[in-house]
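# Structural overview for review
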Amino acid sequence: MKLTRVLFLMLFSLSGLWCMGQEESSQLSTANYESLQYRTVGPSRGGRVTTVTGVAKEPGTFYLGASGGGVWKSLDYGTTWKNVSDGYFDTPSIGAISVAQNDPNIVYVGTGSDGLRSNVISGKGVYKSIDGGKSWKHIGLRNAGQIGAVEIDPNNSNIVWVAAIGNAFTSNLERGIYKTKDGGENWEKVLFISDKVGFSDLELLPGNPNVVYAAAWKAERKPWTIISGGNRDEGGIYKSVNGGQDWVRLNEGLPQNTIGKIDLAVSPVDSSILYAVIEAPEGEQGLYKSSDQGGSFTHVSDDIRLVNRPFYYTNVELDPTNPDIVYSNANPLIKSTDGGKTWRVLSVPHGDNHDIWLNPSNPQLLIQANDGGANVSFNGGETWSTQFNQPTAELYQVEVDDQYPYWLYAGQQDNYTTIAVPSFPPSAVQNPGSAWIINTGGCETGPAVPKPGNPNIVYANCKGRFGVFNKLTGVEKSYYVGASNIYGHNPKDLVYRFQRVAPVHVSPHNPDVVYHGSQFLHKTDSDGFEWETISPDLTAFEADKQVISGSPITRDITGEEYYSTLYSIRESSLQEGLIWTGSNDGVVSVTRDGGKTWSNVTPKKLPKGGRVESIAASVHDLGTAYIAVDRHLLGDAKPYLYKTTDFGKTWSLLTKSGSGIPSDYTTRVLREDPVRKGLLYTGTEYGMFISMDDGQSWEAFQQNLPVTPITDIKIYRGDLIVSTMGRGFWILDNITPLRDQGISSLGAKPHLFAPDKTIRYRYPLVRSSGTFPAYPRTAVYIDYYLPDSKSEVQLDILDKSGNTVVSIFSGNSLLKSSVEEVEDMNLSTTFRYVNTRLEKGRGMHRFAWDLRSKGPWHKNSRRRYRNGPMVLPGQYTARLTVGEQQMEQSFEVLADPRVEAEGLTLDKLQAQGEWQQKVISLLSEARQLQDRLEKDLKKAKGSSERQEKLKNVLNKLRNAKGAYPQQMLVSQISYLYNMVGRTDQKVGKDVQERYEELKTVLEELNSSLD
């Protein structure tokens, strides 16, 4: 085939293209799945940020470190943020960020958030960048756990100090103060107390970095309590005057017995002044101040706001120009202008505050961190930048509804309600990044479960409080089981023990039946108006775990410490009344008669006490179920995935050594593919894995996902949907290739995978090009495998009659895939021109055909035959030609149910299609006539009569140059084409009459040339 023909057919296509890297091996493995890419759908609202800093020499540059979202950088005062840690960091949990004073390109990051919540993600050491965050290198301390502070010697950026809190969930010898003198090549532990005592903070003395202060902290999380503090030998403030060689404990004026978390601040303008916020028993807690470099302290304030929930907050910072201006980050953010004696509240975009940084040259310019993200102020905190530009949401689960397009629901940690976002633009808005986040009742913990058949009703939870939210009215009905406030109680005294993330599950057999879990399983068929308890206590309920949480100083009972509660519920879709439950203290139970009788079917070899994070009742075999168990809160980070085939009588461990999941990747969720038996997906603390052999072996399925905990998985309408603890929701569109049994045995022959059914969505009027979230245009995803890179590739789409709709070639390497958006002022609209070609090379590829057929002719070859009509619903065939080999797979394009609900039948769509073809032919004819006459005019010589005739016709065909010209024939036909093709509709009478008018005008112009 001639090159011109190849280019013509290549330009014929209008589709988008997602093609990624290839492997050199012809045998497919998950390393070759790079063509299958996840996309983020938000929300754009920020999640918890635990540390922030700025760059003194670059006033507009700031960094934020999220609790589960990694490191982000802004170059424009917080107007936009870009993640800079993806692809480098092994954990998304950030404890401290420090920029070298003498070179802003040098940045050190200590991982592991210092707020020891039950969902805190473990640290993995220290990272260093020498190019302002463009790239990173891991420089050690992998087992240091959570890191409270990183400080750089202002005179030598190779000298760095780290305060290591340690493993949040167990004792470890890596706790302590560390120092490097060579930029992280080697580390020395210069201060160590015990394997139970770490360090929450350290400060270098301004002007003399050999003087160091360090804050010791005994801290450990258990599923049922938080330990924060110890005796005088297990905490306090330490000081070294010789670079860490020797240390003394500071005592004068400080609490002498029990002492907890401490944060420090030294004045940059008066180095004799040292402040400390200290967790201590009542009367001793609060702010302390030393005016002699720690020789003695004065208790300045016992304001409880300084140390409310100290394990989570506790942060003090000074104005860099005035030691009497003090900031305390807790709940709320408070400020003192008299050295801490009196305080006033500063309003911030979100509560629960963690960190603040003030520009040393202009303290009115600052950045502050809280549970809603990071926010920048130019005026000392009077006003702030937005938090709706940081997609760092921590989500506990994902549920989906059954509308078109479907929406995703979850509880977002630190949000005031549960949330929902769409999978695809559902309507026309001007600001999709934030407009498509809606509240759906409950609160931060969730879940939010839409009612099947009625997505306007959402069953929502808030720390055990069940609600029924109506999206149409925006209000929530309260139907709490027990109707009792359980906050602050000893769990052993509660009638009903609910976890903060108390599960809600709708029966797959009856949308009116809803299950809810305390230590019992509760059931309602009246939207919560009346509850029935259908089980005994389904937990281990060990007496020594039923305690008032928070010791030895600060009581902390918010519900997340309630042990021995249900954590997961699933009813089998194959048999009504077959219900599985899992508790957060390690018990798995099953009933086969709707709750009349129960069996404890906990795997015998499963170490006790773990959280049964998920249960998946098989959709293929009645007696089969899968569980994922999380024991990292007990200091055991191993992955635990189990399968039973006999209703829990026996279990098989799916995560034995060498199975493919690393030994410290705690497992959070396990789901079974609803179509292909034996295809499993699991989410771990650090990413996704897939198994093709029913869990016998696992391979990473991370692709372009950022490293962050995968909290839940749904497989719905052929999509793989995940929620994360720090990066919001992600969708992998169309996983049908994974369901092909041949994918495990690809080798020397090319292979075309069967495309999935595709709903014919029209993309609504949305200004979303290049914005967040990622909403693709509607496309049929065509996946193919190539064993080598030698052969040329051709893809043809055929209609049910065998006619070619579109052909795409690998073709000319000079032609690159591109997308161009052009605004046509004459039509007051924007067109999206897409030029694509097939990728070739070893491995798996994905081509996205956007359902467009041939459009009108255009003189610009890159726009020629673009923006054609969407093909009609029906059967189609993809034919792939690789060299001499040819493969075919059929697929179906489905009508948008919303369009069908409008009464637009296939017959009506076909009638519209006929009109579109008429206008396309007319527009092509008019454009080609204009092009031909323009060329003839250039060639015309000596005959002024001929030139005048050409000019006269051209003036009637084309618009004059300049602003807002009169719209002539070609533009008028284009206007008509825009009318008949923008959406699915009956073609109006005016269009039909106007078409005849314009057709007559064109015929007359042609005749005038004779």
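Further up the page is the structure itself.
Here we summarise the structure given alongside this text. (Residues numbered from 1 in each chain as written. Predicted model: local features only at pLDDT ≥ 70, side-chain atom pairs only at ≥ 80, totals over all residues. Heavy atoms only, no water.)

## Re the overall build of the protein chain
Let me state the cut-off plainly: Starting at the N terminus, helices and strands are each numbered in turn, a helix being any DSSP run of H or I of at least four residues and a strand any DSSP run of E of at least two. When we talk radius of gyration, it's over C-alpha atoms, and the globule rule is simply 2.2 Å times the number of residues to the 0.38. We call a residue buried when its accessible area falls under 20% of the maximum for its residue type, exposed when it is over 50%, and partly exposed in between, using a 1.4 Å probe and counting protein chains only. Should any heavy atoms of two residues lie within 4.5 Å, those residues are considered in contact. The accessible surface values rely on the Shrake-Rupley method and a 1.4 Å probe; as for residues, cover is taken only from the protein chains in view. Charge assignment in this entry is limited to Lys and Arg as positive and Asp and Glu as negative, and neither His nor the chain termini are counted. Charge positions come from single atoms, namely NZ of Lys, CZ of Arg, CG of Asp or CD of Glu.
Of regular secondary structure, the protein chain possesses eight helices and 66 strands. Relative to the 2.2 N^0.38 estimate, which gives 30 Å for 1010 residues, the radius of gyration of the protein chain is 32 Å and therefore close to what a compact globule would have. In terms of overall dimensions, the protein chain has a C-alpha envelope of 110 × 75 × 55 Å along the principal axes. Counting over 1010 residues, the protein chain shows a buried share of 61%. Sequence-distant contacts in the protein chain: of pairs separated by 6 or more residues, those separated by 24 or more amount to 58%. With the model as given, the accessible surface of the protein chain reaches about 38,000 Å², and the carbon-plus-sulfur share is 47%. Of the side chains in the protein chain, 105 bear a positive and 113 a negative charge, and the two mean positions are spaced by 6 Å.

## Considering the packing of aromatic side chains
Rule in force here: Ring geometry is summarised as follows: Phe, Tyr and Trp rings, the Trp one being its six-membered ring, pair when their centres sit within 6.5 Å, and such pairs are stacked at plane angles under 30 degrees, edge-to-face over 60 and tilted between the two. The rule for a charge over a ring is simple: NZ of Lys or CZ of Arg within 6 Å of the ring centre, and within 35 degrees of the ring normal.
Enumeration according to the criterion identifies 24 aromatic pairs in this entry. A centroid spacing of 4.0 Å and a plane angle of 15° characterise the contact between Phe89 and Tyr127, whose relative ring orientation is stacked. With a gap of 38 residues between them, Phe89 in the loop between β5 (82-83) and β6 (94-99) and Tyr127 in strand β8 (residues 126-129) connect regions that are remote in the sequence. Each ring, one from Tyr665 and one from Phe689, has its centre 5.9 Å from the other, and the planes form 75°; the classification is edge-to-face. With a gap of 24 residues between them, Tyr665 in the loop between β49 (652-653) and β50 (667-672) and Phe689 in strand β52 (residues 687-691) connect regions that are remote in the sequence. By way of ring pairs, the aromatic residues Tyr33, Tyr38 and Phe701 are connected into one cluster. Positioned above the aromatic ring of Tyr404, the side-chain terminus of Arg717 is 3.8 Å from the ring centre.

## Considering the side chain of Asn315
In plain terms, the rule: Any pair of N or O atoms that falls within 3.5 Å is considered a polar contact. Within protein, one atom must be able to donate a hydrogen and the other to accept it, and sequence-neighbouring residues count only if both atoms are side-chain atoms.
Structurally, Asn315 is set in strand β23 (residues 315-319). A relative accessible area of 8% places Asn315 in the buried class. Within the structure, the side chain of Asn315 is placed 3.3 Å from the side chain of Asp355, a separation counted as a polar contact. Sequence-distant contacts of Asn315, that is, excluding residues within four places in its chain, are made with Asp263, Tyr327, Ser328, Asn329, His354, Asp355 and Ile356.

## Examining the sheet that holds strand β38 (residues 504-506)
Applied cut-off: We call two strands paired when DSSP finds no fewer than two bridges between them.
The strand order β38-β39-β40-β41 describes an open sheet built from four strands, whose pairing is antiparallel. Strands with a single pairing partner mark the edges of an open sheet, and in this sheet they are β38 and β41 (532-533). As paired strands, strand β39 (residues 514-517) and strand β40 (residues 521-524) are joined by four bridges and run antiparallel to one another. Of the residues in β40, the one forming a bridge with His516 is His522.

## Section: the pairing of strand β10 (residues 146-152)
The side chains of a regular strand alternate between the sheet's two faces. Of all seven residues making up β10, six are buried, and the element is well covered by its neighbours. Two elements, β10 and strand β11 (residues 160-166), share six bridges in a ladder whose sense is antiparallel. Its bridge partner being in β11, Ile152 is matched across the sheet by Val160.

## A closer look at the pattern of salt bridges
The criterion, for reference: Basic side-chain nitrogens of Lys or Arg form a salt bridge, by our definition, when they fall within 4 Å of a carboxyl oxygen of Asp or Glu.
Evaluated as defined, the whole model comprises 47 salt bridges. Of the charged contacts in the structure, one is a salt bridge between Glu542 and Lys608, with a shortest N-O distance of 3.0 Å. Taken together, the positions of Glu542 in the loop between β41 and β42 (566-571) and Lys608 in the loop between β45 (599-600) and β46 (611-617) put the pair 66 residues apart, joining distant regions of the chain. Looking at Glu542, the relative accessible area reads 23%, which means it is partly exposed. When the shortest N-O distance is used, the salt bridge between Lys840 and Glu792 registers 2.6 Å. One end of the pair, Lys840, is in the loop between β63 (829-835) and β64 (843-849); the other, Glu792, is in the loop between β59 (780-786) and β60 (793-799), and 48 residues separate them in sequence. For Lys840, a relative accessible area of 31% translates into the label partly exposed. Because the salt bridges share partners, they merge into one network encompassing Arg48, Asp371, Glu394 and Asp414.

## With respect to the nonpolar core
What counts is decided by this rule: Put simply, buried Ala, Val, Leu, Ile, Met, Phe, Trp, Tyr and Cys residues joined by side-chain atoms within 4.5 Å make one nonpolar core.
Val41, Leu408, Ile721 and Phe729 are the most contacted members of the largest nonpolar core, which has 28 residues in total. The biggest single contributor to this core is strand β31 (residues 407-410), with four residues. With 26 residues, the next largest nonpolar core counts Leu923, Leu929, Val953 and Leu976 among its residues.

## Things to note about empty space enclosed by the protein
What counts is decided by this rule: A cavity here means a set of 1 Å grid points, computed over protein atoms only, where a 1.4 Å probe fits but cannot escape. A pocket is an open set with protein on both sides within 12 Å along at least 5 of 7 lines, and lining residues have an atom within 4 Å of a point. Grid points are joined across faces, edges and corners, and a volume is the space filled by probe spheres set on the points.
On inspection of all chains with the given rule, the structure shows five cavities of 30 Å³ or more. The space that makes up the largest cavity amounts to roughly 410 Å³. Mapped by element, the contributors of at least two residues to the lining of the largest cavity are β42, β46, β50 and β54 (710-716). By volume, the second largest cavity amounts to about 100 Å³. In terms of lining residues, the second largest cavity is bounded by 14 residues, among which Pro223, Tyr563, Asn584, Arg611 and Leu633 are the most central.

## What about the state of the cysteines?
Selection criterion: Disulfide: a pair of cysteine sulfur atoms within 2.5 Å of each other.
All told, the structure shown has one disulfide when counted by the stated rule. Residue Cys443 pairs covalently with Cys462 via a disulfide, S to S 2.1 Å. One quick way to see it: the torsion about the S-S bond of Cys443 and Cys462 is about 90°, and its sign makes the bridge right-handed. Taken together, the positions of Cys443 in the loop between β33 (438-439) and β34 (448-451) and Cys462 in strand β35 (residues 454-462) put the pair 19 residues apart, joining distant regions of the chain.

## Quick look at the environment of Gly166
Structurally, Gly166 is set in strand β11. Separated by 38 residues in the primary sequence, Gly166 and Lys128 have C-alpha atoms spaced 20 Å apart. Residues in contact with Gly166, not counting those within four places in the same chain, are Ala144, Gly145, Gln146, Asn172 and Arg175.

## Quick notes on the sheet that holds β31
The sheet built from four strands is open, its strands ordered β30-β31-β32-β33 with antiparallel pairing. Since the sheet does not close on itself, it has two edges, and those belong to β30 (399-400) and β33, each with one partner. Note: strand β32 (residues 419-422) against β33, two bridges, orientation antiparallel. Of the residues in β33, the one forming a bridge with Ile419 is Asn439.

## A look at the pairing of β8
On β8, burial covers both faces: Val126 and Lys128 on one face and Tyr127 and Ser129 on the other are all buried. When strand β7 (residues 107-111) meets β8, the two strands line up antiparallel, connected through four bridges. Of the residues in β8, the one forming a bridge with Val107 is Ser129. Sheet analysis places β8 next to strand β9 (residues 137-138), joined by two bridges and oriented antiparallel.

## Details of helix α6 (residues 944-957)
Definition in use: Helix span, expected: 1.5 Å multiplied by one less than the number of residues in the helix. In this context, the arc is that of the directions from the helix axis out to the C-beta atoms.
With 14 residues, α6 extends 20 Å between its outermost C-alpha atoms, agreeing within 8% with the 20 Å of an ideal straight helix rising 1.5 Å per residue. Taken together, the buried positions of α6 are occupied by Leu950, Val953, Leu954 and Leu957. The buried residues of α6 occupy one face: seen down the axis, they fall within an arc of 100°. Structural note: α6 exposes Ser944 and Glu945 on the side pointing more than 90 degrees away from its buried face. Looking at the packing, one finds that the buried side of α6 touches α5 (906-939), α7 (969-981) and α8 (989-1008).

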